[in-house]
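Structural characterization, general
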Amino acid sequence: MSHPDYRLNLRPLGTPRGASSLAGPRGVGASPGDKMSKSKTIRGKKKSIFETYLSKEDVSEGLKRGTLIQGVLRINPKKFHEAFIPSPDGDRDIFIDGVVARNRALNGDLVVVNLLPEEQWKVIKPESNDKETEGAYESDLPEELCGSHLLQQSPKGYNDSPDVIIEAQFDDSDSEDGHGNTQNALVDGVKKLSVCVHEKGKEDAGAPVTKDENTFMSQDTRALPEKSLQRSAKVVYILEKKHSRAATGFLKLLADKNSELFRKYALFSPSDHRVPRIYVPLKDCPQDFVTRPKDYANTLFICRIVDWKEDSNFALGQLAKSLGQAGEIEPETEGILTEYGVDFSDFSSEVLECLPQGLPWTIPPEEFSKRRDLRKDCVFTIDPSTARDLDDALSCKPVADGNFEVGVHIADVSYFVPEGSSLDKVAAERATSVYLVQKVVPMLPRLLCEELCSLNPMTDKLTFSVIWTLTPKGKILSEWFGQTIIRSCTKLSYEHAQSMIEGPTRKIPEKELPPVSPEHTSEEVHRAVLNLHGIAKELRQQRFVDGALRLDQLKLAFTLDHETGLPQGCHIYEYRDSNKLVEEFMLLANMAVARKIYCTFPERALLRRHPPPQTKMLNDLVEFCDQMGLPMDFSSAGALNKSLMETFGDDKYSLARKEVLTNMCSRPMQMALYFCSGVLQDQTQFRHYALNVPLYTHFTSPIRRFADVLVHRLLAATLGYRELPDVEPDALQKQADHCNDRRMASKRVQELSTSLFFAILVKESGPLESEAMVMGVLNQAFDVLVLRYGVQKRIYCNALPLRSYRFQKVGKKPELTLVWEPEDAEQGPAQQVVSIFSLVEVVLRAEATALKYSAILKRPGTEGLLDWQDEQGSRDLEEEQD
C-alpha cells in the first residue's frame, strides 16, 4: 500500500524541460547546470540514464518462470551505492550495485530484479575483508524475541513531579520474538559480524598502517574461493512503492548561477543519503531563499518526490513544509514521522462522529444479558506507571484442589469500531500506534484509547476474556473464551507489582500503593499477584525447556526535563519479574486464541509466524563462534537459548561478552509476520521460531494494533457472537501485509526517536564515558558495543592520536595493534592490542554537525572512567542469568 500524502497537500508537477541528466550520483560528476546547452540542443532526445521498466505482463511471466526475482530492497545507509534484496533460497543476499542498477527504487520498495550475467557478479576477494556483502540490516527482531519494549510516554504536564521518567512499555508484554528489545535502536548504520577470514599464507595485512593510507575496507566471512562470487542484479520493475517518497533535508542553491535551471529550481539534499537529491521549484521555497540562502542553512524541510524521469539523475519534488531548526526535538520528530509515512494528523470529524456522542458513556443494558459479568471479581491492570491506554487486565482466584482460575481480560475495542466505518478505515490504515520517546501517535482517537476502551480502575468496562483453570505448575485443565464485563479494582504499575513479588509476606503500606476499590483489599491483590507470579515462573521455565529463545539486548529509557522536554539522563531499562509475569499470561492468551480461530476457520485465521534465521548469516555466525572458541549450538531456537544461558559466567567480563554475542545473534533473525492461514499452503511455515510453537497470533493489544482488532472479530465469529467477517483469504492477507509494513515503520520510527534523544543527550550532557566491548575488527577501524548505553559505534584509527597501527590475523582472529603517541617526551609510545571481546574505554562526544556524535577510544591508563555496571545496568544484566 503506498502511503497517502498525509498533511502535505501535494499536487503532481509536470517535469520542466531541461530538468534532466544533469548531474552524477550524489557528490559525483557535474553540477546541475553544466550540461545545459547540450541538453537544449538535443531537445527531447536526451540520453536515458535509467532503463524503462518492464511491462506488468513481462514481469508476471518472468516471476512465474523464475527468470525474475522479487524482494524488498535494502540500501546500505553507510554506502548508499550498495543495495540488496534477500535471496529467495535464504543464501547470500543478491547485490545491486549503484544508483543506475537500482533504477529509481527507494529503500523498502518491493522490487523485481533480473540477474546480471555471471561475469558481472560481485567478486568477493578474500583479502579485501569486504564486510558489506550482506544487506544493510536494521534491527529486525520481532518483539516476541525480545520482550518487545515500547517506550511509553508521559505526555507533558501529566506528572506533577519536575521530571518525567519515560519507561519501556512492553509491546504487549509478549516477547514473542524471543527478544528483549528494540534497542538495535541505536544501531549506527550497518552493523555486521566482523569476522575476517583470510586464506592461509595471506598474512600480508600485518604491515603497519599510517594514517594517510586509509582505504577503510570492511570485511566478511565467506572468503572461500568457491564462494567468492555474489549474485548481482538490476531492478526492472517496482511492484510496490513502500517508501513514503518523503524525505527531510536541507535546501541549497544550484551551483551554476547562469543556467536556466538556476532560475526555476533549488536543490533539496535529503538527510538520508539513500534518497536521491531532488529538484524543487523555487516557487515552493521561502521568498527570500535565493537572496539569503545562508539563513536557511540549518532549517529542516520536508520534500516529497513527485517524479523521477529516466533521463535524470535527480528526482523532481515538491517542498511540503518547513519543519524548523535541525537538531530540535519536534522538527526532527515530525521529519521522522513523515519519512516513514506515519499519519499523525488529527482525526477527522467524520471519524469522531463514529464515537459514542452522549458522554459520559455507559454500557447499554442489553450487553449485560450477552456477557459474563465479572465485575465482582478481583481484576487489576499492571502497566508502566505512565501508561494511559490500558489494554489488558488479569485476575487469579484459588479454586478447589489447590488450582487457580486465571483470567486475561482484553479491552473489547471491536465493539467501538464498527466494520466498514470511517473509524475502522483510519484504524486499518494507521494499523498501529507509534511510540516515540516523548509521546504516542495513537491508532485510535484518544476518547477510545484513554477512556472508553482503556481498562481504567473502578469503572465498568467491556472486555474479551480468556479464562483457564490452571494448576500451580501452569498446566491447563480447562479453557473458556467469551465476552465479559469487568470492573478493575486497581491500576498497578510494574514497580507496585515488583514490590509485591519482592516482599511476599510484607504488608505494603497504603501510601505505597494506588487506590483499591472498597469491594477488595490490597492484601487480596497482593495474594493474586503472588499466585500469578508463581504460575508465570513455571510457565516461563516450561517454555524454555520446550525450546523457546529470548535475545535480551540493552534498552535505553530517558528522564525528560519537565519544562523543556529535553533528556536529562538515561539508564538501561530493567526487565523484571513483574514484566515477565504479564508477558507469560499475554503469550498464553495469544497462543490459546490462535489455536481457537485456526481450528474454527482454517482458511481465514489471521496468525503470526516467525521464520527461522537466514541461513547464510547464521552460517557466518557459526563460523565466527568456532573461530572464537565459543561452544554455541545454533541447531534450534532452544539450543541457542541454552548456549547463551550456559556459555557465560556472571562476572562483568562474561556478561559483556554475552551482550555482544546476543547482539550478533540478533542479526540473522527475521521479522515475525502476520499472515492469513488460507494463503500459506505449507503448514510448517506457520511456526513461530522464537516461541517454538506451531500457532501464534496477536489478541492482547487491540487499542494499539489493528491486527488484534481483526483477531477479536474472528474470535467473536468463532464463538457465535457475530457472522464471520466477509473477507476473502487474499484480502485478509493484504491487510496482514499492510499491518507488517506499518509495524516495521513504527519500529524504525521508535528506534530513530531513541537515537534522536540519545544524540541530544550527548550534545547537552556529554562527553559521556563508558566501558565498551569490541564486536568486530576491520583493517583500520573497529566496532564496539558501548555497555553503559547499549549503543554500537565504529571507532576509526585515523581519529585517534596514534603513531601507527597494524592489522593482522592471529590464527583466525583479526587484531589491531595501536601505537599511541606519547603524552609527554619522557614516555615511550604506549601499545594497545584490540581484538574481538576486548574491553576498552570510550568517550562519546557530540560533533559539530547537528545530532551526530562519535566514539573515540580513551588512551590506556587514563583515569576517571565510570564503571558501566554502576547505576541501573548491573541488576538488569545479572537478572538475565536467572
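Computed from a predicted structure; not experimentally measured. (Residues numbered from 1 in each chain as written. Predicted model: local features only at pLDDT ≥ 70, side-chain atom pairs only at ≥ 80, totals over all residues. Heavy atoms only, no water.)

**Some words on the overall build of the chain**
- Scanning the chain from N- to C-terminus turns up 17 helices and 40 strands.
- Burial status across the chain gives 61% buried among its 882 residues.
- Long-range contacts, defined here as pairs at least 24 residues apart, represent 74% of the contacts in the chain between residues at least 6 apart.
- Accessible area for the chain stands at about 34,800 Å²; split by element, carbon and sulfur atoms hold 50% of it. (Helix = DSSP H or I, 4+ residues; strand = E, 2+ residues; numbered from the N terminus. Buried < 20%, exposed > 50% of the residue type's maximum accessible area, 1.4 Å probe, protein only. Contact = heavy atoms within 4.5 Å. Areas by Shrake-Rupley, 256 points an atom, 1.4 Å probe, with all protein chains shown as cover.)

**A short note on the sheet that holds strand S5 (residues 110-115)**
- Read across the open sheet, the 3 strands follow the order S1-S5-S14; overall the sheet is antiparallel. Looking along the sheet, the strands with just one partner apiece sit at the ends: strand S1 (68-72) and strand S14 (233-240). Here the strands of the sheet are splayed against their neighbours by 30 degrees on average, with no regard to which way each runs.
- Where S1 meets S5, 5 bridges bridge the pair, whose relative direction is antiparallel. Looking at the pairing, Gly71 lines up with Val111 of S5.
- Across the sheet, helix H2 (residues 56-65) is in contact with S1, S5 and S14; its angle to S1 comes to roughly 95 degrees. (Pairing = 2+ DSSP bridges. Axes fitted to C-alpha atoms, helices over the stretch in contact; angles between N-to-C directions.)

**Quick word on the pattern of salt bridges**
- What the rule picks out here adds up to 47 salt bridges.
- Here Arg65 makes a salt bridge to Glu61, at a shortest N to O gap of 3.3 Å. In this pair, Arg65 and Glu61 both sit in helix H2, 4 residues apart, roughly one turn of the helix.
- Through salt bridges with shared partners, one network takes in Arg540, Arg543, Arg550, Asp552, Glu583 and Glu584. (Salt bridge = Lys/Arg side-chain N within 4 Å of Asp/Glu carboxyl O.)

**Some details on unusual backbone geometry**
- In this structure, Pro767 follows Gly766 across a cis peptide bond, with omega equal to -5 degrees.
- Along the chain, Pro767 turns up in the loop between helix H16 (729-765) and strand S33 (768-777).
- With a phi close to 55 degrees, Asn692 is a non-glycine residue in the positive phi region.
- By relative accessible area, which is 29% here, Asn692 ends up partly exposed.

**Quick notes on the pairing of strand S36 (residues 802-810)**
- Here 8 bridges tie S36 to strand S37 (residues 813-820), and the two strands are oriented antiparallel to one another. Note on S37: the bridge partner recorded for Leu802 is Trp820.

**Examining the packing of helix H13 (residues 637-646) against helix H14 (residues 652-666)**
- H14 packs onto H13 with a crossing angle of 165 degrees between their chain directions and a minimal axis gap of 10 Å. One way to sum up the angle between H13 and H14 is to call them roughly antiparallel. Relative to H14, H13 is oriented so that their crossing is right-handed. On the side of H13, the interface is formed by Leu640, Leu644 and Met645, while H14 contributes Lys658, Leu661, Thr662 and Cys665.
- Among the residues forming the contact of H13 with H14, the class breakdown is 5 nonpolar, 1 polar and 1 charged. (Parallel < 35°, antiparallel > 145°, perpendicular 65-115°, else oblique. Left-handed = near helix turned anticlockwise from the far one by under 90°. Nonpolar A, V, L, I, M, F, W, Y, C, P; charged D, E, K, R; others polar.)

**Some details on the sheet that holds strand S40 (residues 853-857)**
- Read across the open sheet, the 5 strands follow the order S35-S34-S33-S39-S40; overall the sheet is antiparallel. Looking at the sheet topology across the chains shown, the edges are occupied by strand S35 (791-796) and S40. Within this sheet the neighbouring strands show an average axis-to-axis angle of 45 degrees, counted without direction.
- Pairing geometry for S33 and strand S39 (residues 839-846), over 6 bridges, is antiparallel. The residue bridging Leu768 from the neighbouring strand is Leu844, located in S39.
- On top of the sheet, H14 reaches S33, strand S34 (781-786), S35 and S39; it is set at about 60 degrees to S33, its chief contact.
- The strands that H16 touches are S33, S35, S39 and S40; relative to S39, the one it contacts most, it runs at about 85 degrees.

**What about the environment of Asp708?**
- If you trace the backbone, Asp708 turns up in helix H15 (residues 706-718).
- A sequence separation of 11 residues divides Asp708 from Thr697, and the C-alpha atoms of the two residues are 8.2 Å apart.
- Setting aside residues up to four positions removed in sequence, Asp708 forms contacts with His698, Phe699, Thr700, Ser701 and Pro702.
- A polar contact of 3.1 Å, which involves the side chain of Asp708, links it to the backbone nitrogen of Thr700.
- A polar contact is formed between the side chain of Asp708 and the side chain of Arg705, at a distance of 2.8 Å. (Polar contact = N/O pair within 3.5 Å; in protein donor to acceptor, adjacent residues only side chain to side chain.)

**Let's talk about helix H10 (residues 522-545)**
- Relative to the 34 Å expected for 24 residues at 1.5 Å per residue, H10 spans 34 Å between its end C-alpha atoms, a close match to the ideal helical length.
- Considered for burial, the residues of H10 that qualify are Ser522, Val525, His526, Ala528, Val529, Leu532, His533, Ile535, Ala536, Leu539, Arg540 and Arg543.
- After H10 finishes, the residue Gly547 shows a positive phi value of roughly 105 degrees. (Expected span 1.5 Å × (residues − 1).)

**Some points on the packing of helix H9 (residues 494-502) against helix H11 (residues 577-600)**
- Interaxial distance between H9 and H11 falls to 8 Å at its minimum, and their mutual angle equals 105 degrees. On the basis of their axis angle, the class for H9 and H11 is roughly perpendicular. Only Asp577, Ser578, Asn579, Leu581 and Val582 of H11 make contact with H9, whose side of the interface consists of Tyr494, Ala497, Gln498 and Ile501.
- Class assignment for the residues of the contact of H9 with H11 results in 5 nonpolar, 3 polar and 1 charged.

**Brief notes about the side chain of Thr718**
- Structurally, the position occupied by Thr718 is in helix H15.
- Aside from chain neighbours lying at most four places away, what touches Thr718 is Lys596, Ile597, Thr600 and Phe601.

**Focus: H14**
- Taking 1.5 Å per residue as the helical rise, H14 with its 15 residues ought to reach 21 Å, and the 21 Å between its terminal C-alpha atoms agrees with that figure.
- Most of H14 sits out of view: 12 of its 15 residues are buried.
- All of the buried residues in H14 are Ser654, Leu655, Ala656, Lys658, Glu659, Val660, Leu661, Thr662, Asn663, Met664, Cys665 and Ser666.

**What to know about the packing of aromatic side chains**
- Scanning the entire structure with this criterion turns up 17 aromatic pairs.
- Ring centres of Tyr265 and Tyr279 lie 5.8 Å apart, and the angle between their planes is 45 degrees; this geometry places the pair in the tilted category. Residue Tyr265 is found in strand S16 (residues 265-270), and its partner Tyr279 is found in strand S17 (residues 278-281); the two are separated by 14 residues along the sequence.
- On the basis of relative accessible area, Tyr265 is assigned to the buried category, the value being 6%. (Phe/Tyr/Trp six-rings, centres within 6.5 Å; stacked < 30°, edge-to-face > 60°.)

**Let's talk about the nonpolar core**
- The biggest cluster of nonpolar side chains holds 96 residues, and the ones touching the most others in it are Phe380, Leu394, Leu581 and Phe585.
- Among the elements that make up this core, the one with the highest residue count is H11 (11 residues).
- Discounting chain neighbours no more than four positions away, the residues touching Leu394 are Cys378, Val379, Phe380, Ile382, Gly407, Val408, His409, Leu532, Leu581, Val582, Phe585 and Met586.
- One finds Leu551, Leu768, Cys797 and Val834 within the second-largest nonpolar core, a separate group that totals 83 residues. (Core = buried A, V, L, I, M, F, W, Y, C linked by side-chain atoms within 4.5 Å.)

**Let's talk about the environment of Glu538**
- Structurally, Glu538 can be placed in helix H10.
- Separated by 64 residues in the primary sequence, Glu538 and Gly474 have C-alpha atoms spaced 6.1 Å apart.
- The contacts of Glu538, once residues within four sequence positions are left out, are Pro472 and Lys473.

**Considerations on the side chain of Ser854**
- Mapping Ser854 onto the fold places it in strand S40.
- A distance of 3.4 Å separates the side chain of Ser854 from the side chain of Glu847, its partner in a polar contact.
- Setting aside anything within four residues of it in sequence, one finds Ser854 in contact with Lys793, Val843, Leu844, Arg845 and Glu847.

**Digging into the confidence of the model for the chain**
- For the chain, mean pLDDT is 83; residues scoring 70 or higher make up 81% of the total.
- The low-confidence segment residues 127-137, where pLDDT is below 50, has 67 contacts with residues more than four positions distant or belonging to other chains.
- In this model, residues 864-882 is a region of pLDDT below 50 whose contacts with residues beyond four sequence positions or in other chains number 56 contacts. (pLDDT = per-residue confidence, 0-100.)

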